[in-house]
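# Fold and geometry: a report
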Amino acid sequence: MQTESVRPGATSSQAPMRFSVLVANYNYDRFLGRAIESALALDWPDVEVIVVDDGSTDNSREVIDSFAGSVTAIYQNNGGQRSANNTAFAHATGEVVVFLDADDVLDPGFARAVAAAWSPTVTKVQVQMQLIDAEDRPFGDLIPNFAFRPEPAQISAWSRNSTEYPTPPGSGNAYARRFLDQFFPIGEEHDDATDSTCLALAPLMGDVVTIVQPLVKYRQHGANDSNLGTRSDNFGREVARAMRRQKSAEDICERLGVELPRPNSLRRSRHLLQLRAASLRMEPASHPLPGDGRITAGMDAIRSVFRKNFDPLKKRVVVAGWVLAVLAAPAPLARTLIRKRFTERFENQEAARTG
């Protein structure tokens, strides 16, 4: 007897699940059209695209209006990314939600690949991202550059133990609506960046499934907020954001009856350890982590070498060595090491894009 073939993301008696692609935009008219085009070009039969312009003062409105009839356009006064995404989510109807940054680009196969990996226990499906420049030219490594494909149980354990796991930033993630419904709209007590809360909670509340394939283009350009070395207080800001993100995750987990992360898990984060070291040397008087200091951070660096997670031993040793050098070096040398780690890498990427 013949059996009816079933499209991924659907049953034989159901239509394919709907994807909601939400684009929060502020003054990105140069890239916005490309982002919207990529969402509309997804190879999937049921996609809605919602664009919220958060009070742009450039030509973003003209760009959005050029897609009239194809997207849902919402214009609001400037309230920040969190406010814009809250607005977009309130209008979304899909079972799968993607927060597409206004300067990023989805691959046409993104939705189909996500749907094929979907299951009732998924909170998010994450894919790799290819770095591109302002002219869509690819460069550099993929993000994340997986050494292996992590399983959902591993990601959950890493997140509970150290608050971190290999994940792409915002656009590289497709979230289950039933997961987001439990804490949206995101209040002012949470981080301004929507993906901070979503990324922290996803492995604590369900399965994070990984697709080792670059299905999103992650644009790097002069207006990105990723060049930490441009200001000495950026490192403390990032430490404070991590603290806020962790507090948000703990508060939401407690409210929902979900198992909390391990106590002091934030101090076990290897990425945050580097930011802590930079903050302690660049702006020690405003370092936001209570009880933290150069000796405490140094001890955490030594312990991190022996704490296995998704990083190989060689990388754990290199990171710990850099942290210890930054913490122990005279101030001028410490600043040089920080610049090489954060600023020069960004500048080299800029040169690679324009060279």
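Residues numbered from 1 in each chain as written. Predicted model: local features only at pLDDT ≥ 70, side-chain atom pairs only at ≥ 80, totals over all residues. Heavy atoms only, no water.

### Thoughts on the UniProt feature "transmembrane region" (unreviewed entry) in the protein
Put simply, the rule reads: UniProt positions are given in the numbering used here, feature names are shortened, and annotations may be inferred rather than shown by experiment. Per the convention used, a helix needs a DSSP run of H or I reaching at least four residues, while a strand needs a run of E reaching at least two, with both numbered from the N terminus.
UniProt records the feature "transmembrane region" (unreviewed entry) for residues 317-338 in the present numbering. Across residues 317-338 one finds 91% helix and 0% strand; the C-alpha atoms that close the span lie 17 Å apart.

### Looking at the pattern of salt bridges
The criterion, for reference: Any carboxyl oxygen of Asp or Glu within 4 Å of a side-chain nitrogen of Lys or Arg constitutes a salt bridge here.
Considering all chains together, one arrives at 22 salt bridges under this definition. Across the pair R30 and E135 runs a salt bridge, and its minimum N-O distance is 2.9 Å. On the criterion of sequence distance, the pair formed by R30 in helix 1 (residues 29-40) and E135 in the loop between strand 6 (122-132) and strand 7 (138-143) is long-range, its members being 105 residues apart. Salt bridges sharing partners connect three or more residues here, namely D191, R237, E238, R241 and R244.

### Here we look at helix 1
This is how the line gets drawn: Take the residue count of a helix, subtract one, and multiply by 1.5 Å to get its expected span. Relative accessibility decides the category of a residue: with a 1.4 Å probe and only protein chains considered, values under 20% of the type maximum give buried, values over 50% give exposed, and everything between is partly exposed. Any two residues having at least one pair of non-hydrogen atoms within 4.5 Å are treated as being in contact.
With twelve residues, helix 1 should reach 16 Å at 1.5 Å per residue; the first-to-last C-alpha distance of 17 Å fits that figure. Buried residues of helix 1: F31, L32, G33, A35, I36, S38 and A39, and no others. Elements in contact with the buried residues of helix 1: strand 1 (19-25), strand 2 (47-54), helix 2 (60-65), strand 4 (96-101), strand 5 (105-106) and strand 9 (207-219).

### Here we look at the confidence of the model for the protein
Stated formally: How sure the predictor is of each residue is captured by pLDDT, a score from 0 to 100.
Mean pLDDT for the protein: 90, with 90% of residues reaching 70 or above. Segment residues 1-7: pLDDT under 50, and seven contacts once partners within four positions in sequence are set aside and those in other chains are kept.

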